[in-house]
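In case you want the letters, here they are:
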Amino acid sequence: MAIRQKQTSDELPLDTILAGDCVARMNALPAESVDLIFADPPYNLQLKGDLHRPDNSKVDAVDDHWDQFNSFAIYDRFTREWLAAAKRILKPNGAIWVIGSYHNIFRVGAALQDQGYWILNDVVWRKSNPMPNFRGKRLTNAHETMIWAAKSDGGKYTFNYEALKSLNEGVQMRSDWLLPICNGGERLKDDNGDKAHPTQKPESLLHRVLIASTKPGDVVLDPFFGTGTTGAVAKRLGRHYIGIEREAAYRKVATKRLAEIKRYDRDALQVTQSKRAEPRVAFGTLVERGLLKVGAELRSLNGRHKAKVRADGTLVAFDTKGSIHQVGAVLEGAPSCNGWTYWTYKRQGEWAPIDVLRQQIRAEMAPA
């Protein structure tokens, strides 16, 4: 199994922009080879005529040929085809993000569920500076919706919960994200000084998505690469990217953009991890390694209780025997006890939590 995975990785065109149709290109990639897909498909806006501001100036709206479909049936068939191709290349524990507007996201969501994806969240991207509604006949469209889905029900997808809390000043991240649209210096221009792409996404949006649902070294594929926002953020964050884009003008802009991106250093790429994500260390390991001697005395943090270390990694205190957690709970008359923070050992004349020894072993287990 490990050998097959290595061969699969070697076959991937990592950190590359592939030209052509996204379905054909994805179908040519190895199965179960990609960790995450971020997709910004055509929205099928169905614009009827030009849009104009109150001063009669024309709005640079999305009227490109790639966003034009003759019917909902044709758009739905296109959606089913690219979602099927995407699902084939996702790893069993992979996930997908799809962004869209009210024009298409509900149809895409139904197609996701029909194909067996398991929806995890819908995220509302609230635009802090949305484009106004120039006709004055509807509400200002101030948000887009992203759907985050696992490949299947039960897949152990990546979710860096603690990292998102850190991004949000220690508060649990909500499913409504207030971020500005792409403008100013971030907005890419073509050789004529015009917008290089009408729906360029802000890097802040992709930063949050990739911090939330990938790890350094993961492979992130964007089947509608455009001017390369997904690739730019992935490269900075130490992830690999694969972009697929059929429009030569967009590939030209994205190639130039990516050539100028520098990856953050290794230390800067580390994010806050959940305690549950840390390597499991048994108390008995401390005894086996000689970090705690058989027969050594442990004391409770409050100084009221003592226990002796036994050869099998259990403790004994008077008539009470069991794990560090069980013995601590009995002595305190509590329903449970975290033995790692409850018990202390003598180190250089001072009493220190035994958790210090656990962290020492975890540091040795960390990948290089």
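Nothing here was measured: the structure is a model prediction, and the numbers come from that model.

Another aspect to go through is the overall build of the protein chain. Looking only at helices and strands, one finds 13 helices and 14 strands in the protein chain. When each of the 368 residues of the protein chain is scored for burial, the buried share is 43%. Taking the contacts inside the protein chain whose residues are at least 6 apart along the sequence as the reference set, 67% of them involve residues at least 24 apart. Accessible area for the protein chain stands at about 19900 Å²; split by element, carbon and sulfur atoms hold 50% of it.

In this section: the side chain of Thr 227. Among the structural elements, Thr 227 can be located in the loop between β7 (219-222) and α7 (229-236). If sequence neighbours within four positions are ignored, Thr 227 has contacts with Leu 188, Ala 196, His 197, Gln 200, Tyr 250, Val 253, Ala 254 and Arg 257.

Right, let's get into the sheet that holds strand β11 (residues 315-317). The strand order across the open sheet formed by six strands is β12-β11-β10-β9-β13-β14, and the pairing between neighbours is antiparallel. The open sheet has two free edges, formed respectively by β12 (320-322) and β14 (350-353), since each of these has just one partner strand. With strand direction ignored, the average angle separating the axes of adjacent strands in the sheet is 35 degrees. Pairing of β11 with β12, which is carried by three bridges, proceeds in the antiparallel orientation. Bridging across to β12, Leu 315 finds its partner in Gly 322. Against the sheet, helix α11 (residues 324-332) engages β10 (306-309), β11, β12 and β13 (343-347), with an angle of about 150 degrees to β12.

As a further point, take the side chain of Ser 300. Looking at the secondary structure, you find Ser 300 in strand β9 (residues 297-300). Assessed through its relative accessible area of 3%, Ser 300 is described here as buried. Once residues within four sequence positions are removed from consideration, Ser 300 is found in contact with His 305, Tyr 342, Trp 343 and Thr 344.

Once that is clear, we can look at the pattern of salt bridges. Following the criterion strictly, the structure yields 14 salt bridges and no others. The closest approach of N and O atoms between Glu 203 and Arg 236, which form a salt bridge, is 2.5 Å. Of this pair, Glu 203 sits in helix α6 (residues 203-213) while Arg 236 sits in helix α7, and the two are 33 residues apart along the sequence. For Arg 236, a relative accessible area of 23% gives the class partly exposed. Put simply, Glu 203 and Arg 257 hold a salt bridge, and the shortest N to O gap is 2.9 Å. Highlighted residues: Glu 203 in helix α6 and Arg 257 in helix α8 (residues 248-259), separated in sequence by 54 residues.

So, about the pairing of strand β5 (residues 143-150). Extensive coverage of β5 is indicated by the burial of seven of its eight residues. In terms of strand pairing, strand β3 (residues 90-100) meets β5 through six bridges, oriented antiparallel. Looking across to β5, one finds that Trp 97 is bridged to Trp 148. Here eight bridges tie strand β4 (residues 118-127) to β5, and the two strands are oriented antiparallel to one another. Looking at β5, one finds that Trp 125 is bridged to Glu 144.

A sheet is described by the order of its strands in space; here eight strands give the open sequence β1-β8-β7-β2-β3-β5-β4-β6, paired in mixed fashion. Each edge of the sheet is formed by a strand with only one pairing partner; in this case those strands are β1 (16-19) and β6 (176-179). Strand-to-strand twist of the sheet, defined as the mean angle between neighbouring strand axes without regard to direction, takes the value 20 degrees. Across four bridges, the pairing between β4 and β6 is parallel. Among the inter-strand pairings, Trp 125 is bridged to a residue of β6, identified as Trp 177. Against the sheet, helix α4 (residues 105-114) contacts β3, β4 and β5, and its axis sits at roughly 165 degrees relative to β3.

Its identity is not glycine, yet Glu 32 carries a phi of approximately 50 degrees, on the positive side. Take Glu 32: it is sitting in the loop between α2 (22-27) and β2 (34-39).

As a further point, take the confidence of the model for the protein chain. Across the protein chain, the average pLDDT comes to 87, with 88% of residues at or above 70. Predicted confidence for residues 47-62 stays below pLDDT 50, and this span has 26 contacts to residues more than four positions away or in other chains.

Each value, and the rule that gives it
Residues numbered from 1 in each chain as written. Predicted model: local features only at pLDDT ≥ 70, side-chain atom pairs only at ≥ 80, totals over all residues. Heavy atoms only, no water. Helix = DSSP H or I, 4+ residues; strand = E, 2+ residues; numbered from the N terminus. Buried < 20%, exposed > 50% of the residue type's maximum accessible area, 1.4 Å probe, protein only. Contact = heavy atoms within 4.5 Å. Areas by Shrake-Rupley, 256 points an atom, 1.4 Å probe, with all protein chains shown as cover. Pairing = 2+ DSSP bridges. Axes fitted to C-alpha atoms, helices over the stretch in contact; angles between N-to-C directions. Salt bridge = Lys/Arg side-chain N within 4 Å of Asp/Glu carboxyl O. pLDDT = per-residue confidence, 0-100.

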